[in-house]
Amino acid sequence: MLGNGSDELISLLAMACDIPGASIVAPVPGFVMYPMSAQLQGLAFHGVPLTADFALDEAAMLAAIAQHKPAILYLAYPNNPTGTLWDAGVIERLIAAQGAQGGLVVMDEAYQPFAARSWIENARAAPEKHRHVLVMRTLSKFGLAGVRIGYMLGDAGLIAEIDKVRPPYNISVLNAECALFAIEHADVFAAQAADIRAERARLIDALARLPGVMPFPSEGNMLLVRVPDAVKAFDGMKARRVLIKNVSKMHPLLANCVRLTVGTADENAQMLAALEASL
Ligand SMILES: *Cc1c(COP(=O)(O)O)cnc(C)c1O
């Protein structure tokens, strides 16, 4: 099923599951559209805090599934804004628990081009355990954010039910042609993603050498970094014409954290210099 970006698919999922008492569960801090889609559609949202090192809190997640029996459990793989690729064993147990109570799991792979693993392999290896699991991807982080194409894969019967709430002409021929063009040149985008992954490794090394700066491991094209003073770093970098994202107020676990986008070697050098001067 195609969406006008995966944001539209997230909205349509909330609509498709909107029966009295329905709720959505996701780990927090996480992607902002999960709670927003719930709020706009009138569903309850229950965020379950990650651990201090941004791993899934398995016991708390299982407890939330048992308590709320959510219609949808979102797992961003890897997570935004932390960049974490969560433990596969924990995810398998959450998928089983969510299936046992009759809910859906959405594996949101927006950052898949930069990640070491995809859940699609797990789903293919055990299809009978994944009938209630959807894998979501997008061309946005792939390199074409303006094109607005997201897609969702899963059991044909399940997709057919969700497709009932899709507006009939949600994908224009221009979006569709752009997506086909991108697929025909997939090697160019794969090379671009490989460059970003190599730059990400260099950037982490350089950041770890700055005093008081702590980069977290990332499987995305962004890095979550703890700095001594997030406001000072953001303002100082902005004054030096480098715009980053100050996520420090998003969630208590993100205190003094900023999110940096991995760019070209030149852009990264400029960003590092601006950060160092702003500490
Ligand atoms: C960016 C992002 C999306 C949505 O991307 P679209 O541009 O709407 O396709 C979905 N999930 C996560 C985790 C994202 O970071």
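Residues numbered from 1 in each chain as written. Predicted model: local features only at pLDDT ≥ 70, side-chain atom pairs only at ≥ 80, totals over all residues. Heavy atoms only, no water.

**Comments concerning unusual backbone geometry**
With an omega of 0 degrees, the peptide bond between Val-28 and Pro-29 qualifies as cis. Looking at the element boundaries, Pro-29 is found in the loop between β2 (23–28) and α2 (33–41). In this chain, Asn-80 is followed by Pro-81 through a cis amide linkage whose omega measures 15 degrees. Counting through the fold element by element, Pro-81 comes out in the loop between β4 (72–76) and α4 (88–100). Of note in this structure, Arg-148 is not a glycine but carries a positive phi near 60 degrees. With respect to the helices, strands and loops of the structure, Arg-148 is situated in the loop between α6 (140–144) and β7 (150–153). Look at Arg-148 and you get partly exposed, because its relative accessible area is 28%. Notably, Arg-241 is not glycine yet its phi reads approximately 70 degrees, a positive angle. Position of Arg-241 among the secondary structure elements: in the loop between α10 (230–239) and β10 (245–246). (Helix = DSSP H or I, 4+ residues; strand = E, 2+ residues; numbered from the N terminus. Buried < 20%, exposed > 50% of the residue type's maximum accessible area, 1.4 Å probe, protein only.)

**Thoughts on the sheet that holds β7**
The strand order across the open sheet formed by seven strands is β1-β7-β6-β5-β4-β2-β3, and the pairing between neighbours is mixed. Edge positions in the open sheet fall to β1 (2–3) and β3 (44–49), since each of these has one partner strand only. (Pairing = 2+ DSSP bridges.)

**Some words on the layout of surface pockets**
Space inside the largest pocket adds up to approximately 290 Å³. What lines the largest pocket is a set of 16 residues, among which Leu-139, Phe-142, Tyr-151, Ala-179 and Ile-183 lie closest to the centre. At the level of elements, β6 (133–138) and α8 (173–184) are the ones that each hand at least two residues to the lining of the largest pocket. With four residues, the top contributor of residues to the lining of the largest pocket is α8. Residues belonging to the lining of the largest pocket are distributed by class as follows: twelve nonpolar, two polar and two charged. (1 Å grid on protein atoms, 1.4 Å probe; cavity = no way out; pocket = protein on both sides within 12 Å on 5 of 7 lines; lining within 4 Å. Points joined across faces, edges and corners; volume = space filled by probe spheres on them. Nonpolar A, V, L, I, M, F, W, Y, C, P; charged D, E, K, R; others polar.)

**Notes on the domain arrangement of the protein**
Domain parsing of the protein yields domain 1 (2–172) and domain 2 (187–278). Using only C-alpha atoms to locate each centre, domain 1 and domain 2 end up separated by 26 Å. Listed per partner, the contact involves 23 residues of domain 1 and 20 residues of domain 2. Both faces combined, the contact of domain 1 with domain 2 buries some 1,800 Å², and carbon together with sulfur accounts for 69% of it. For the pair domain 1 and domain 2, the number of links is zero salt bridges. Where domain 1 packs against domain 2, one counts six residue pairs in polar contact (both at pLDDT 80 or more). The element contributing the most residues to the side of domain 1 that touches domain 2 is α6, with three residues. (Domains from an automatic or database assignment. Contact = heavy atoms within 4.5 Å. Buried area = accessible area lost by both parts, 1.4 Å probe. Salt bridge = Lys/Arg side-chain N within 4 Å of Asp/Glu carboxyl O. Polar contact = N/O pair within 3.5 Å; in protein donor to acceptor, adjacent residues only side chain to side chain.)

**A word on the site of the ligand**
Neighbouring the ligand are 13 residues; Ser-6, Asp-108, Thr-138, Ser-140 and Lys-141 lie closest to it. Contact between the ligand and Tyr-111: an oxygen atom at 3.4 Å from a side-chain N or O atom of the residue. For the ligand, the protein covers 94% of the area, taking 390 Å² as the surface of the free molecule. For the shell around the ligand, the secondary structure elements donating two or more residues are α1 (6–16) and α6. When grouped by side-chain class, the residues that make up the shell around the ligand number four nonpolar, five polar and four charged. (Near = heavy atom within 4 Å. Areas by Shrake-Rupley, 256 points an atom, 1.4 Å probe, with all protein chains shown as cover.)

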